[in-house]
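# Structural features, examined
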Amino acid sequence: MLAAAQSSLFRAAVESGPFDPLVNRFVAGAGDDEAVAVARRLTTDRLVTVDHLGEDTTDRAQAEATVDAYLTLLRRLGREGLADRVEVSVKLSALGQSLPRDADKIALDSARQICEAAGAVGTTVTVDMEDHTTTDRTLATVRDLRVDYPWVGAVLQAMLHRTEADCRELAGPGSRVRLCKGAYAEPASVAYQGAGEVGRAYVRCLKVLMGGQGLPLVATHDPRLIEIARFLAESSGRGPTDYELQMLYGVRPRAQSELAAQGHTVRVYLPYGTEWFGYFMRRLAERPANLAFFARSLLTRG
Ligand code: FDA
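In this text the structure is predicted, and so the values were computed from the model without any measurement. (Residues numbered from 1 in each chain as written. Predicted model: local features only at pLDDT ≥ 70, side-chain atom pairs only at ≥ 80, totals over all residues. Heavy atoms only, no water.)

### Thoughts on the layout of surface pockets
Approximately 970 Å³ is the volume found for the largest pocket. Lining the largest pocket we find 37 residues, and of these Ala183, His221, Leu248, Arg283 and Glu286 sit closest to its centre. Taken together, the elements giving at least two residues each to the lining of the largest pocket come down to helix H2 (21–26), strand E4 (153–157), strand E5 (176–180), helix H9 (195–211), strand E7 (244–248) and helix H12 (277–286). In terms of residues, the lining of the largest pocket owes the most to one element, H12, which gives four residues. Its residues assigned to classes, the lining of the largest pocket comprises 17 nonpolar, eight polar and twelve charged. (1 Å grid on protein atoms, 1.4 Å probe; cavity = no way out; pocket = protein on both sides within 12 Å on 5 of 7 lines; lining within 4 Å. Points joined across faces, edges and corners; volume = space filled by probe spheres on them. Helix = DSSP H or I, 4+ residues; strand = E, 2+ residues; numbered from the N terminus. Nonpolar A, V, L, I, M, F, W, Y, C, P; charged D, E, K, R; others polar.)

Here it is, written out as C-alpha cells:
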C-alpha cells in the first residue's frame, strides 16, 4: 500500500471518486467548516490536534496556500473559543521542506507564521515527523522554532534506531514529544522491522520520556503500550495532566472515550482537507481489514 501511495495514476483514480465513506472515517472533511464541527464534537470529552492535509509540496504557491489555511483555521479556533482544547499539527513538507530551492528556510519561515498565529490565540503547534531522510532537518527546524515558541512539540518514531537517543536529547523541561511507532516503510539500515522489535523500542523510548522533565505525548492505539504508558507514568509520579494519550480520528473511538471517562488526558489527531491520499493510504497500510473494505467500495463505485 505504501508503494501504491507513490503512484500518481493510482492517486488520480482514487481521488476522482466521491469523498468515500471510508475516507470520512479517518478525515473530518474537505474544509475548515467540517474540521471545526468535528473538533467541537470531540472536545466534549477529549482534546484535539488538527492537521491540514498535504505533504511533499513542490509548488511554492501551494505551500503558501497551506500556511493561509492554517492561519484561517487558527483565527477561527480563537474566535469560536476552541483554542484551549484544540491545537494544530503541521508537516514541514507541506510548508516548503520539499521545494527545489531554499526549502529549509521557507519551511521554517512558514512554520514561524503558524506558531505566531497559534501563540496569539493561546494554543500550540506540533511538528509531525515524515520519512527518515527528513528527520535531521525536521528536528533542526523544531529546535529553531523552540527558541521563540518553547511550547512547539516534536514527533519521534520509535521504529528508528536513532530515536532513543533523540528522546534523551528532547526530554528536557518544557518539551512536548509525541512518540509514535512510525508510519513510513523504512529500510533495515535505519529502522527496526518486526512488530516485536518496534514495540520493545517504543517501551525503551517511553521510559526515557516518562523519566524526563517534558510532557510525553503517547501516540498509539496499541492496548499493551497504553497499559505500559499508564504504569510508567504512575511510577514516575505523573498525574493525568502530566502526559497525554493520543490517537487518530476514526481509530478505536470507543477506547478513546473510555480512557477519557477514566480521567486520562486523551487527544485526537484530526485531519481535514482535499489532499487526503497519502494520509489515507498509510491508514490502509496499517490494517489489512481496512484495505479489503476500501477495495470493495472502489469496485462497486459507478
Ligand atoms: P498498531 O499499528 O500495532 O495498532 C494497534 C491497534 O490499533 C491495531 O491492532 C488496531 O486495533 C488499531 N489500529 C491501528 N491503526 C489502525 C488503522 N489505521 N485502522 C484501524 N485500526 C487501527 N507516524 C509518523 O510516522 N509520523 C507522525 O508524525 C505521526 N503522527 C501520529 C500522531 C498520532 C496522534 C498517532 C496516534 C499516530 C501518528 N503516527 C505518525 C502514526 C503511527 O506512527 C502509527 O503508524 C499508527 O499509530 C499505528 O501504530 P499503533 O501504535 O497504533 O500500533
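Once the structure has been displayed, the description carries forward.
### A short note on the sheet that holds strand E1 (residues 47–52)
The eight strands are arranged E1-E2-E3-E4-E5-E6-E7-E8 in a closed barrel whose pairing can be described as parallel. For this sheet, the mean inter-axis angle between neighbouring strands, taken without regard to orientation, is 30 degrees. Here strand E3 (residues 125–127) pairs with E4 via two bridges, running parallel. Pairing of valine 127 across the sheet is with alanine 154, part of E4. (Pairing = 2+ DSSP bridges. Axes fitted to C-alpha atoms, helices over the stretch in contact; angles between N-to-C directions.)

### A closer look at the site of the ligand
Around the ligand there are 25 residues in total, and Lys181, Gly182, Thr220, His221 and Glu286 lie nearest to it. Here an oxygen atom of the ligand and a side-chain polar atom of glutamine 157 are 2.8 Å apart. One nitrogen or oxygen atom from the side chain of histidine 221 is found 2.6 Å from an oxygen atom belonging to the ligand. Calculation on the ligand without its partners gives an accessible area of 930 Å², and the protein chains cover 85% of this total. (Near = heavy atom within 4 Å. Polar contact = N/O pair within 3.5 Å; in protein donor to acceptor, adjacent residues only side chain to side chain. Areas by Shrake-Rupley, 256 points an atom, 1.4 Å probe, with all protein chains shown as cover.)

### Section: the packing of helix H6 (residues 103–121) against helix H7 (residues 135–148)
Taken N-terminus to C-terminus, the directions of H6 and H7 make an angle of 40 degrees; their axes are 10 Å apart at the nearest point. In this view, H6 runs oblique relative to H7, as classed from their interaxial angle. Crossing geometry of H6 relative to H7 is assigned as right-handed. Contacts from Ala103, Asp104, Leu108, Ala111, Arg112 and Cys115 of H6 reach H7 at Arg137, Thr141, Asp144, Leu145 and Asp148. Tallied by class, residues from the contact of H6 with H7 come to five nonpolar, one polar and five charged. (Parallel < 35°, antiparallel > 145°, perpendicular 65-115°, else oblique. Left-handed = near helix turned anticlockwise from the far one by under 90°. Contact = heavy atoms within 4.5 Å.)

### Here's the deal with the side chain of threonine 220
Summarising the element assignment, threonine 220 is placed in the loop between strand E6 (215–219) and helix H10 (223–235). Among residues more than four places away in sequence, those in contact with threonine 220 are Lys181, Tyr202, Leu225, Ile226, Gln246 and Met247.

### Some remarks on the pattern of salt bridges
Using the criterion set out here, one finds 23 salt bridges in the structure. For the salt bridge of arginine 76 with aspartate 32, the shortest nitrogen-to-oxygen distance reads 3.7 Å. Highlighted residues: arginine 76 in helix H4 (residues 60–79) and aspartate 32 in helix H3 (residues 32–42), separated in sequence by 44 residues. For arginine 76, a relative accessible area of 17% corresponds to the buried category. In this structure, the salt-bridge partner of arginine 283 is glutamate 286, at a minimum N-O distance of 2.7 Å. (Salt bridge = Lys/Arg side-chain N within 4 Å of Asp/Glu carboxyl O. Buried < 20%, exposed > 50% of the residue type's maximum accessible area, 1.4 Å probe, protein only.)

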